[in-house]
Amino acid sequence: MLGIKQIHHIAIIASDYARSKAFYCDILGFTLQQESYREARDSWKGDLALNGQYIIELFSFPAPPVRISHPEACGLRHLAFAVEDVDAACRHLQQQGVACEPVRVDPLTGRRFTFFHDPDNLPLELYQA
């Protein structure tokens, strides 16, 4: 048996480290646990936590290729975050200048959800807890 217990972290490469760090910390509410500059790679790495739990490794690399999103490409499709109130979360994002798609209802669960994007157009989802 492999013995996987949980997801340890999600790695995200940003085109502008400072802009993405501000988005994930100041707008989405993650906290920066630690960060380091890796001179040999000309790369920043920040460890971001949500409610005290390490979740995202945020990287920068010189001139990373653009992520293909539309039409959807094979691979990781999006990250989804559970929220208590999708409408309140959308209002918060919109007040910060982040556009949200119209709220939809999952036909299988009856739960409400919407999508928005990070500064590098990575699709993110808010899903009613």
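Look above for the structure.
Report follows, based on the coordinates. (Residues numbered from 1 in each chain as written. Predicted model: local features only at pLDDT ≥ 70, side-chain atom pairs only at ≥ 80, totals over all residues. Heavy atoms only, no water.)

This brings us to the environment of Q53. If you trace the backbone, Q53 turns up in strand β4 (residues 53-60). Taking the C-alpha atoms as reference, Q53 lies 18 Å from A22; in sequence the two are 31 residues apart. Apart from residues lying up to four places away in sequence, Q53 is in contact with Q6 and L48. (Helix = DSSP H or I, 4+ residues; strand = E, 2+ residues; numbered from the N terminus. Contact = heavy atoms within 4.5 Å.)

Evaluated as defined, the whole model comprises six salt bridges. Here E57 makes a salt bridge to K45, at a shortest N to O gap of 3.7 Å. Remark: K45 occurs in strand β3 (residues 43-50) and E57 occurs in strand β4; sequence separation between them is twelve residues. In this structure E57 comes out as buried when scored by relative accessible area, which is 12%. Looking at K45, the relative accessible area reads 17%, which means it is buried. Among the salt bridges present, the one from D87 reaches R112, with a minimum N-O distance of 2.8 Å. Placement of D87 in helix α2 (residues 86-95) and of R112 in strand β7 (residues 112-117) is noted, with a sequence separation of 25 residues between them. (Salt bridge = Lys/Arg side-chain N within 4 Å of Asp/Glu carboxyl O. Buried < 20%, exposed > 50% of the residue type's maximum accessible area, 1.4 Å probe, protein only.)

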